[in-house]
Structures are given as C-alpha cells and as structure tokens.
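Tertiary structure, described
The chain contents come next:
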Amino acid sequence: MSTPDVDVVVVGAGPAGSCAAIVAARAGLSVVLLERGPFPGSKNMYGGVVYPRILDGLIPNWWEEAPIQRWVTRRSTMLLTDTQALTVDFRSEAWGQPPYNGATAFRPDWDHWLASHAEAAGAQLLTDTTVVGLLRDAGGAVTGVRTDRPDGDLTARVVIACDGVNSFLAKEAGLYEHTDAKHFTLGVKETLALPKEVIDERFAVRERHGVDIEILGGTGKVNGGGFLYTGLDTLAVGVVLKLPKLAAQQQRPEQIIAGLKQHPAIAPLVQGAELKEYSAHLIPEAGLTMMPKMTMPGMLVAGDAAALCLAAGIWLEGVNFAMASGMYAAEAAVEAVQKGDTSATGLAGYQRRLSDTFVLKDHRKLRRAPELVLSDRVQHLYPTMVANVVERMFHVDNPNPKPGVRRILDQERRKAGVRRRDLLRDGWTGFRSFG
Amino acid sequence: MSIVACLKWVSHPGEPHDERFAGMSPADQSALEFALRQAALLGTGVTAITVGPSGADKVLRDALACGATRAIRIEAPTTAAGTDVATAIADHIADAEWVWCGDYSLDRGAGSVPAFIAAHLGAEQALGVIHVDLEADGVRATRRLDGGRRELLGVRSPAVVSVEGATARLRRAGLQSLRTAADTVIEVVPATTPIHRAEFMVRPYRPRARELPAPAGDSPLDRLRLLTDAAAASAARGEMVTLEPADAAARIVQVLTDWGYLPHG
Amino acid sequence: MIAVVAVRDGQLPSGGDETVAECGGRAVLIGSGTAAAAADLSGVAHHVTIVEMPTFQPGAWAAVLAPLLQHEPAVVLPGSPDGRDLAPRIAALLHRPLYAGALSITTDRVELTRRGGTEIHQTHPGPDFVATLQPGVRGVAVRADAAAPEITDATPTHLPRQEHRDATVLAVLPPDPATIDLAEAPRIVGGGAGLDGPARMEQLVQIGAAIGASMGATRVITDRGWVPHERQIGTTGVVVDPDLYLAFGVSGAVQHTSGLGDPAHIVSVNVDGHCPMMQLADLAIVADANETLDHLVRLLGGNTTTTDPGMA
Ligand SMILES: Cc1cc2nc3c(=O)[nH]c(=O)nc-3n(C[C@H](O)[C@H](O)[C@H](O)COP(=O)(O)OP(=O)(O)OC[C@H]3O[C@@H](n4cnc5c(N)ncnc54)[C@H](O)[C@@H]3O)c2cc1C
Ligand SMILES: Cc1cc2nc3c(=O)[nH]c(=O)nc-3n(C[C@H](O)[C@H](O)[C@H](O)COP(=O)(O)OP(=O)(O)OC[C@H]3O[C@@H](n4cnc5c(N)ncnc54)[C@H](O)[C@@H]3O)c2cc1C
Ligand SMILES: Nc1ncnc2c1ncn2[C@@H]1O[C@H](COP(=O)(O)O)[C@@H](O)[C@H]1O
C-alpha cells in the first residue's frame, strides 16, 4: 500500500474537529482539518453557553484568551404556564472568577479561536472544502476522504469524522443503525441586540457577568423547551422543539419563539431589543438511544456526529462533549498510528476513554431524561399543576386560613388529571436521572 | 514577469465588519481567471499582486491555489489612497505585459486604479470590460458605453484590462494545490513610495437635493405653484408598511390593480 | 472649476450637463462633434473650449488635455464610462489626486459615494485635484435666457508625440439586442442582493410575464453571474426609463437608481426600511423579498392577463 497523504484527516472544524486536530498535531502527526464553511464557525450555531473546563489541559489558562461574551454567574430554571412563572434562581460569585464555570460565546468566534490553536499546533486547515465521500479499501477500512475540489482525494491513516449532527460520514460508513425524526429536536434561536447597560440592569448583572435561563413550558402545544442567554450586548432567545409534534401542529418555529417572547415573564426582558439574526439547527436529542458505532477500521466519529450532545431538559450541553470526544478520538488515533495499527482494535482506546469519562457516564446517568422532559405529562400537565400549587401556597385568602400543602397538592394533581402512579414514576425517573 | 493579476482584499458586502469573510471580489476573480487562461495560452505564469495588510495574504493564497505562480504583497494599510496603490503596483511590475484588474473594488473603489496603472506603465487600457477574447497576439475586449452601446477594442501589450465580475468564473482550486499554496511563502515588500491613508469623514448615504429645471409658468405665482405641487407630489411618496410575506404579495397585486397595471377582478 | 466632457458623435454622455453645471458653466468638450454638443449646453455652459478628436483614446486625449488644464485647480469629469476611464489618465499626467464617483464637488469640499452607495465620504481636497461626478445625482436647472455658450476651438494642429499607447477601436456596437427589451420596457421587475439564489431571477421573469414587465438586476446580481450583464440596470449598465419599477431586495445605491429614470410608480420590498430604494418607493414594504416572491408567483400564476403597457 502506498503511503497516505497524511496521518490524520479531521472532517469539520467545529469544537470536536478543532480539538481533535490540536491533539493529533501536537503529538507530531501530520494533520489536515477540512471545513466546508469560509472559516471555522462561520455557519455554526447553538444556544450560547459553553462549559470549557475540559480545555484546562489543552489550553492552560484558556480563560485569558478565549473569545467569551460573559461569564455565567446566574443560572435560572423557569417553569412557565400561559400566565404563570416559577423560577429557581441561583447565583455564584465563584463562577465569575478563574477557573470559571460556564460562559456565553458566539460560535464563529469560539470555533475560529479553537481552530487557530489547531493551526498553531501544525494542523493544516483547508476551508471552503466539503467532504463528499469516504475512500475505503477492499476490506471496507476507511483510507481517506473525497472532497468536492478537483483532484480532491486525500488519503489518511485515520479519518476523524466531526461533521456534526446527522453526520454524512457516519451514515455513509453505515455506522448509524437507524435514524428517526423522533431522535432529533429542532433548535431555533433569535439573536437580539440590546445595549450592554440595559442588559446589565434588566438581568441584575455587572461587568462581564451574565445569565443562563433554561425554560420548561412556554412552547405552546409543541413539546420542547426554551432558553434565554445574555451576550455582551445581545440576547439569545430560543426554543428546542420536538420534530413530530412540530409537524403535527403545523406551527412555524418563529411563531413559537414569538409566543415565548410575549410571555409576561419574558417580555419585559426582551422588550425593545432589535432582531439581528434568526437561525435553526438540528439537535441529536436521544442520547444513548441513537448513538452510532463510533469506531471502525480507519475511522472514528466524535461530537454531534456521534450524537454525543447532551440534551436533557435543563441541560443543553454539546460543545463540551464535542471538545472532549474530539480530544479522546485524537488520542486514540495517535496511539493507533504510533503502533501502526489503525484497525478497530488499534483504535479501541477511543471507546475506552469515552466510557471512563463524563462523556458516556453523563449520558448513561441521564439516559431517561430527554424522554421524560419531553413527555406530554411533563410538558403539558405538571407545569400547570406545580404553578397552581405554588400560587395557592402564596395566595392570601383571608379570612380563610392557609390550606395544608399536601391537600393543595392532591387537589391540583386531580384537577390537572395526573394519576398518582404516573407522578410517582416520573418523580422516580427524574430523581434517578437528575439526583 | 509578464502576466499580472491585481487582487484586492475586500470585505464581504454582507458582512462588512467581519474580516473573516473578506476576500476577492467577483470582478477580481474574473480578472484572475483571464490571467490564468492567458498564461496557459502564452505558456507562461501569473504573478498575483496585492497592496494591503497581512490579512490580504488570503487573496494571494487563493490565487496560488488556483494556479498563480508567484505572489507579492506590498505592505500598506487597507485605507491606502488609490493613486498610491496604483503607483506602488506599477513600480513593482514595470516590465509587465498584461495586467488584469477588476473593474472596481467592492469596498470603496471607483475603478480608478487600473487606469492609473496604465498611465504609469504607458500602457494601453481596456476598462469596464464585459467580454474578452484571448488571442495569441493580443486581446479583443468589449467595453460598455453609455446607453447600452458597447465598444469593441483590439488591445496589444503592454496593456491593462479591467473586467466586470462574472465575466469569467474563477476555476475552483484543486485540493493538492490548495495544500501547497497554504505552505507557500508570500513575498512581502515595502512600497517604493510613501503610501498615504485616505482620510474621510464618513456618514450614511443621503441623496443630494436635485436641481429642478425652472418651472415654465407664466407668472411668479404660477411658477411657485408648480414648484410646490411638485413638492407635494414627492411628499406623497413613501407609504411604508411592514407585512407578512403573504400579505405583502397580496398588497402588491392590489396596488398594481389600483394603478391600472393589472385588470380589475 | 472646469468640466471635461468626452463627446461621441455630437452626443453628451450621461452626467455631462450636470458636470458642466457643477463647475459653474465652464467646460472643455473633447471628442467628435464637439461643436454640436456645445450647442446642447445652452443655458448650462457659458464658456466652452472644444477639442475635436476622432476616436476615444484616453492616453492621447490626456496628453492633449494636460497642457490646457495645468493651470486649472479643479478638473471635473462625468462618471460616465469614458469620463471614468479618462480621469485617472489626466490626474496621473498632472500629478494630482483623483476623487472618483463624487456626489458633490466644490473647491473646498468633495463628497464621495462609497461602499456600494451606502456611505458618503467627505473630504477637503488640496488646491489641485481631479474628480468625477456620479451621473444623475445633481440634476440641472437650465437658465431661462438659454444663451448659447461662447466657444473657443483648441483642437491641436498635430498630436503630441505618442508617449501613451491606446487600444484600437474596432467597432462601436449598438445596444445589445438582448437589452433592448429592458432599455425600452415600460415596466420592470428588478432584483438585488437581498435575493437568496439564482432561481429567484426566474421568479422575477415569471412575475414579469404576468404583468408585462422585463427583468432587470443590480450589479451585485450580475457580478454573481445569476443573470447576464445585459440585465444590469444603472450607470454602468443599461439606463432605463420605465413607468413601473418593482424592486425586490434592492438597496437603491446611487449607481443603480441614477440609471432608473423617473418611474411613475415604484414598489420596493426590503427588510431594511431605511435604505434609499425604500425612501424612493410609492409603496415600501418591509418584508422578506424571497418569501414575498413565492407568494406573488402563486398569486399571479402563469396565465394572468395584463392591461396593455401603453395604457398605464
Ligand atoms: C439551538 C441549539 C442550542 C444549543 N445550545 C447549546 C449550548 O448552549 N451549549 C452547548 O454546549 N451546546 C449547545 N448546543 C449543541 C452544540 O451546538 C453541539 O453539540 C456542538 O456544536 C457539536 O459540535 P461538533 O463539533 O460536534 O459539531 P458542529 O459544531 O456541528 O461542527 C461540525 C462542523 O463540520 C463542518 N462540516 C459538516 N459537514 C462537513 C463536510 N461534509 N465537509 C466538511 N466540513 C463539514 C461544519 O461546517 C461544522 O463546522 C445547541 C445546539 C442547538 C442546535
Ligand atoms: C463604479 C461603479 C459602478 C457601478 N455601477 C452599477 C450599476 O450600473 N448598477 C448597479 O446596480 N450597481 C452599480 N454599482 C454597484 C452599486 O454601488 C451597489 O453596490 C449595487 O447597486 C448594490 O446592489 P444591491 O442593491 O443588489 O445590493 P446591496 O446594496 O447589498 O443591497 C441588498 C439589499 O437587500 C436587502 N435585503 C437583504 N436581505 C433581504 C431579504 N431577505 N428580503 C428583502 N430584502 C433584503 C438589504 O436590506 C439591502 O437593502 C456600481 C458601483 C461602482 C463603484
Ligand atoms: N489594494 C489593491 N491591491 C491590489 N489591487 C488593487 C488594489 N486596489 C485596487 N486594485 C485593483 O484595481 C481594481 C479597481 O479598484 P478601484 O480602483 O479601487 O476601484 C481592483 O478590482 C483591483 O484589481
């Protein structure tokens, strides 16, 4: 066999791809990083919050140079009905200091920055280049990629597919057994412009501190959830919607965002803000249920391409899972190339790393959460029930005495039409997942 | 050095404030394509040249990837005055036989650099060209004139030709040449004469008040009336509505009917 | 200030009269049929120097003009195709800065249109400069007396030594047959950079067919290669003069609108209510042009009968 053009080809310069390229290039391998956009991150979108702790080893003191908008020091979880809102609000000064926790950032900035580290490490970044096929040998092992450029084949010892949700490469390699619309949610988001001082005042933050609000309810008849994040002088408002429901309701996602923005608890926060951008993207929601095989001879799959995004109700984390899986894939590729064995066995280090770390551990722990959070009961019955309970607890109805909480709970449960059995079961699932 | 393509690094009109989208304008892409085709015809290479800051290396790498054989960047700020840009280029390509330019640069240009280069080189010029025939001993170029007329020019070297965008579609760089170009060293040279920044006060575009032909009324009062009527008519312009697309379409059909462009009913 | 206007066959170029007016009525006319062209400047020019030259040769013309202009501090040419090409040659010979594509010019202030006509860049020029005036931005008020200008003939008896070579004019071609329908169309549907793909241009043609209109486009669209250059409306494209103009995703840059004549009715669909095209429109609709086109095609269908364009 002739020598391949390079040791490693990484497809897709998102968070997964750039981290993979950094690791492989730093280990001394020759690396080409292929990206279809005009620059890394140019077309990439997400909600807005990254958790970069995983970069500690890769880019020490990353917080001194990362292109962040604000550090998340306030995290709220909101439960909405049509007219009510119950918010659990947490804030921590510690999250506003090194080593920080989460941050809001723009993807074009974040991805571009990570890719510049890959280039600095010696990886060759080629943009405006789309991978359109896999090269394979007689035995089916992946030996490289075909791009849309003339003279566009590139051979490699290992291909790391980081091409995002609905991965063309993983599907082409037959690694997905079945993909189904019900495994995806549609994320849509509006970026709104608002002066920094106004944001600081409305969200009660200062300097570079910011807020992450996760919203349950507020998406009308379509099951889903919402979010509201603060950039420096922008807000990101979005919803995550279950696809089959969206189709059945024949509603346009913009209308659902518009509805959320009109909610009495949200409207004052976004009032007067000017629409800058609207974008939409699929999210692999089903976690473990939908994950493909991630290793095959000559190829590894990382990030959203491997459905590693954690989308479990109040958690929407994909970038950190992508960065970590990209790094682990590259570590395994380095081992394999150094051993001269890029068969599935040679690349087995990848699966091991995923299983031993938060990447798969979190997914296992939260495997039932997505289904629970998007279930009809949690979506349409519990918010009203809980909000009504709280409303009655705090409602002063003199001269009547205050009722007992247990009684309110029972009455409201019955009023909402929730069976005690289901409530207990869901509570148990929730407790096992989130507890 | 005989065939030169002058390429400017310009911001993308849709993303004027984000350098990462910046690159070659469609007009410069056409220019490069003709330079490459002509070089193939004459059996020689193409020198790509740009005047700009280090970010402008991008257009040179793109040119190398497409087949340019040499790349020169003359160090200058993006705001360099057009006359200085032309002088700097002309000084570096004194022996060029064919210079290919875009018709005008997207960001602030007005199509003056190519003619300046021609003046410096004492070369022929064919500017604002919309059709090119390459021949062994020269170029036939069709240039736009007023009123939709065109002029067919026979051009011989040394010459500067500037072309409109999409006169030719730039070839797509091959993967291997893209990889080689990414690693090619770009020659960076200082300008031979000082480069001045063009300093301007910038404000949004507002149309200039137009001078109207004097009204033809008989008495001063009639003339005044004519003038004020014209003003009233123009003030009536400008009904602005925000509509959903479906309603917008319906509204358009409605006004076309009202104005008599579509039959009623 | 003095205007320099390139004349072809006795015809003034677009913006020729405006440039002379901007310079207060002093002009040099160079080209063929300059005396006839000078007569057309009655009421605009008061003093015209004519230089009769057979064909447009920017290098040679600049060499002839330079000695005539060297004591003129401010020299202004119209931004017509010939003026645009000649101005830098004159500026280079006189060693002066050039301000190209101006909106207004006085000896101490020049305003330039920049960034695709969205910005005005204003500067104070030095004592000597050359500038081009964007055609169509100024308008001309012809003086009531309409006296014929005083004419001086400065045609050189022999051409200066040929230092500057010029391309050979092989032919002047009439307007492209493909553009005739556009140039003379009483109704035009135009598309600009707000449209999201070449297929939108087909929709414009369909809508055009339904209402008896021709399809035109901005320079951005022709540069993208979505429609041929002959479809470009504007100062460097086809100059049109329709009764009705429907603009979809067009910002209304001066280079576009000054080739648009003076339509009786303008409809503009744009997401930005502040752009010049929306200011010019009789009906300005803030909406997504692409989706609006989808609906419009559906509404107008293929078989709409229209009123006769002559009647509107
Ligand atoms: C609405 C929404 C909100 C979200 N909110 C958050 C959040 O707040 N926090 C969070 O951590 N995560 C969030 N996520 C999830 C997160 O965006 C993803 O998990 C993450 O982007 C995955 O990174 P990746 O590198 O695997 O893939 P991507 O970021 O999708 O990158 C894939 C890259 O590959 C390129 N590419 C694709 N195909 C090809 C090809 N054939 N050839 C060449 N290049 C190709 C693409 O251009 C892209 O650059 C959200 C997602 C959505 C949709
Ligand atoms: C020397 C010279 C000569 C030139 N000659 C000509 C000429 O002859 N003809 C000509 O046309 N131009 C000419 N130009 C170019 C001119 O300056 C402008 O750049 C051009 O006219 C702008 O075209 P546009 O309106 O399509 O694009 P833009 O100015 O980019 O405007 C696009 C418009 O679309 C709107 N938009 C965006 N998205 C949407 C949406 N979804 N729905 C609705 N609207 C949307 C935007 O708000 C914007 O107003 C010339 C320039 C120079 C320097
Ligand atoms: N800074 C520059 N570097 C290289 N070429 C340039 C530069 N500026 C202008 N040009 C060339 O001149 C053409 C017309 O530009 P302008 O005169 O600025 O409108 C461009 O399309 C380029 O081909």
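Residues numbered from 1 in each chain as written. Chains lettered and ligands numbered in written order. Predicted model: local features only at pLDDT ≥ 70, side-chain atom pairs only at ≥ 80, totals over all residues. Heavy atoms only, no water.

**So, the overall build of chain B**
- On a plain count of helices and strands, chain B comes out with 7 helices and 11 strands.
- By the burial criterion, 49% of the 265 residues in chain B qualify as buried.
- In chain B, the share of contacts with a sequence separation of at least 24, taken over all contacts with a separation of at least 6, comes to 69%.
- For chain B, the computed accessible surface area is about 11600 Å², with 54% contributed by carbon and sulfur atoms. (Helix = DSSP H or I, 4+ residues; strand = E, 2+ residues; numbered from the N terminus. Buried < 20%, exposed > 50% of the residue type's maximum accessible area, 1.4 Å probe, protein only. Contact = heavy atoms within 4.5 Å. Areas by Shrake-Rupley, 256 points an atom, 1.4 Å probe, with all protein chains shown as cover.)

**Notes on the domain arrangement of chain B**
- What the domain assignment reports for chain B is domain 1 (3–190) and domain 2 (220–258).
- Here domain 1 of chain B and domain 2 of chain B have C-alpha centroids that lie 44 Å from each other. (Domains from an automatic or database assignment.)

**Notes on the packing of aromatic side chains**
Residue and element names in this part refer to chain A.
- One pass over the full model with this rule turns up 13 aromatic pairs over all chains.
- Residues Trp 62 and Trp 63 carry aromatic rings whose centres are separated by 5.2 Å and whose planes lie at 80° to one another, so their mutual orientation is edge-to-face.
- Residue Trp 62 is classed as buried on the basis of its relative accessible area of 0%.
- For Trp 63, a relative accessible area of 19% translates into the label buried. (Phe/Tyr/Trp six-rings, centres within 6.5 Å; stacked < 30°, edge-to-face > 60°.)

**Thoughts on the site of ligand 3**
Residue and element names in this part refer to chain B.
- As a structural note, the neighbourhood of ligand 3 is formed by 19 residues, with Cys 6, Asp 28, Ser 105, Gly 111 and Val 113 the closest of them.
- Between ligand 3 and Cys 6, the relevant distance is 2.7 Å, taken from an oxygen atom to a main-chain nitrogen or oxygen of the residue.
- One of the backbone nitrogen or oxygen atoms of Val 113 is found 2.8 Å away from an oxygen atom of ligand 3.
- Relative to its free-state accessible area of 470 Å², ligand 3 is covered by the protein chains to the extent of 97%.
- Residue assignment for the shell around ligand 3 shows that the elements contributing at least two residues are β2 (46–52), α3 (82–92), β4 (98–102) and α4 (113–121).
- Of the residues belonging to the shell around ligand 3, the class tally is 11 nonpolar, 6 polar and 2 charged. (Near = heavy atom within 4 Å. Polar contact = N/O pair within 3.5 Å; in protein donor to acceptor, adjacent residues only side chain to side chain. Nonpolar A, V, L, I, M, F, W, Y, C, P; charged D, E, K, R; others polar.)

**Some thoughts on the site of ligand 2**
- Ligand 2 sits among 30 residues. The nearest are Ala 193, Thr 218, Thr 236, Ser 251 and Gln 255 of chain C.
- In this structure, ligand 2 is bordered by residues of chains B and C.
- A distance of 2.7 Å is found between an oxygen atom of ligand 2 and a side-chain nitrogen or oxygen belonging to Ser 251 of chain C.
- Here an oxygen atom of ligand 2 and a side-chain polar atom of Gln 255 of chain C are 2.7 Å apart.
- For ligand 2, the protein covers 85% of the area, taking 980 Å² as the surface of the free molecule.
- Those elements that place two or more of their residues in the shell around ligand 2 are α7 (219–223), α8 (254–257) and α10 (289–300) of chain C.
- Considering only residue class, the shell around ligand 2 consists of 10 nonpolar, 16 polar and 4 charged.

**Considerations on the pattern of salt bridges**
- According to the stated counting rule, one finds 53 salt bridges over all chains in the structure shown.
- The salt bridge partner of Glu 190 of chain A is Lys 261 of chain A, with a shortest N-O separation of 2.6 Å. Placement of Glu 190 of chain A in strand β11 (residues 184–193) and of Lys 261 of chain A in helix α6 (residues 253–262) is noted, with a sequence separation of 71 residues between them.
- Glu 190 of chain A sits in the buried class, given a relative accessible area of 7%.
- Among the residues examined, Lys 261 of chain A registers a relative accessible area of 22% and is labelled partly exposed.
- Between Arg 8 of chain C and Asp 82 of chain C there is a salt bridge, with its nearest N and O atoms 2.7 Å apart. One end of the pair, Arg 8 of chain C, is in the loop between β1 (2–7) and α1 (16–22); the other, Asp 82 of chain C, is in helix α4 (residues 81–94), and 74 residues separate them in sequence.
- In this structure, a network of salt bridges that share partners links the residues Arg 377, Arg 419, Asp 422, Arg 425 and Asp 426 of chain A. (Salt bridge = Lys/Arg side-chain N within 4 Å of Asp/Glu carboxyl O.)

**Focus on the pairing of strand β10 (residues 153–161) of chain A**
Residue and element names in this part refer to chain A.
- Pairing between strand β1 (residues 6–11) and β10: 5 bridges, direction parallel. The residue bridging Val 11 from the neighbouring strand is Ala 161, located in β10.
- Across 3 bridges, strand β9 (residues 142–147) lies against β10 in antiparallel orientation. Residue pairing for β10: Val 145 is matched across the bridge by Leu 154.
- The turn joining β9 and β10, which pair antiparallel and follow one another in sequence, is formed by 5 residues; a positive phi near 55° is taken by Asp 151.
- Here β10 runs beside strand β17 (residues 299–301); their pairing, made up of 3 bridges, is parallel. Looking at β17, one finds that Val 159 is bridged to Met 299. (Pairing = 2+ DSSP bridges.)

**Overview of α3 of chain B**
- Among the residues of α3 of chain B, Asp 84, Val 85, Ala 86, Thr 87, Ala 88, Ile 89 and Ala 90 of chain B are the ones counted as buried.
- Looking at the buried side of α3 of chain B, the elements it contacts are β1 (3–6), β2, β3 (70–75) and α4 of chain B.

**Some details on the pairing of strand β5 (residues 98–106) of chain C**
All names here are of chain C.
- Counting buried positions along β5 gives 8 out of 9 residues, so the element sits mostly inside the fold.
- As paired strands, β5 and strand β6 (residues 109–114) are joined by 4 bridges and run antiparallel to one another. Note that in β6 the partner of Ala 102 across the bridge is Leu 112.
- Once β5 ends, the chain turns through 2 residues before running back antiparallel as β6.

**Brief notes about the sheet that holds strand β11 (residues 239–242) of chain B**
- Taking strand neighbours across the sheet as the criterion, the 6 strands line up as β11(B)-β15(C)-β14(C)-β13(C)-β11(C)-β12(C) in an open arrangement whose pairing is parallel. On the outer flanks of this sheet lie β11 of chain B together with β12 (214–217) of chain C, each paired with one strand and no other. Shown here is a sheet whose adjacent strand axes are inclined to one another by a mean of 15°, direction ignored.
- Taken together, the 5 bridges between strand β13 (residues 244–248) of chain C and strand β14 (residues 265–270) of chain C define a ladder with parallel strand orientation. Bridging from a neighbouring strand, Leu 246 of chain C pairs with Val 267 of chain C of β14 of chain C.
- Across the sheet, helix α7 (residues 245–258) of chain B touches β11 of chain B together with β13, β14 and β15 (283–286) of chain C, and the angle it forms with β15 of chain C is around 170°. (Axes fitted to C-alpha atoms, helices over the stretch in contact; angles between N-to-C directions.)

**Here's the deal with the interface of chain C and chain B**
- Each side of the interface is counted separately: chain C has 103 residues, and chain B has 83 residues.
- Buried surface at the junction of chain C and chain B, both sides included, amounts to about 7900 Å², of which 56% is carbon and sulfur.
- Seen at the junction of chain C and chain B, the total is 8 salt bridges.
- Note that Asp 82 of chain C and Arg 143 of chain B form a salt bridge whose closest N and O atoms lie 2.6 Å from each other.
- Here chain C is connected to chain B by 36 residue pairs in polar contact (both at pLDDT 80 or more).
- With 8 residues, α4 of chain C is the largest single contributor of residues to the side of chain C that touches chain B. (Buried area = accessible area lost by both parts, 1.4 Å probe.)

**A few points about a positive patch on the surface**
All names here are of chain A.
- Judged by side-chain charge, Lys 361, Arg 364, Arg 367, Arg 368 and Arg 432 come together as a positively charged surface patch.
- Examined against the element boundaries, Arg 432 turns out to sit in helix α14 (residues 420–434).
- Classification of Arg 432 by relative accessible area gives partly exposed; the value is 39%. (Patch = residues over 30% accessible without salt bridge, like charges linked within 9 Å, V, L, I, M, F, W, Y side chains within 5 Å. Lys, Arg positive; Asp, Glu negative; His and termini not counted. Charge placed at Lys NZ, Arg CZ, Asp CG, Glu CD.)

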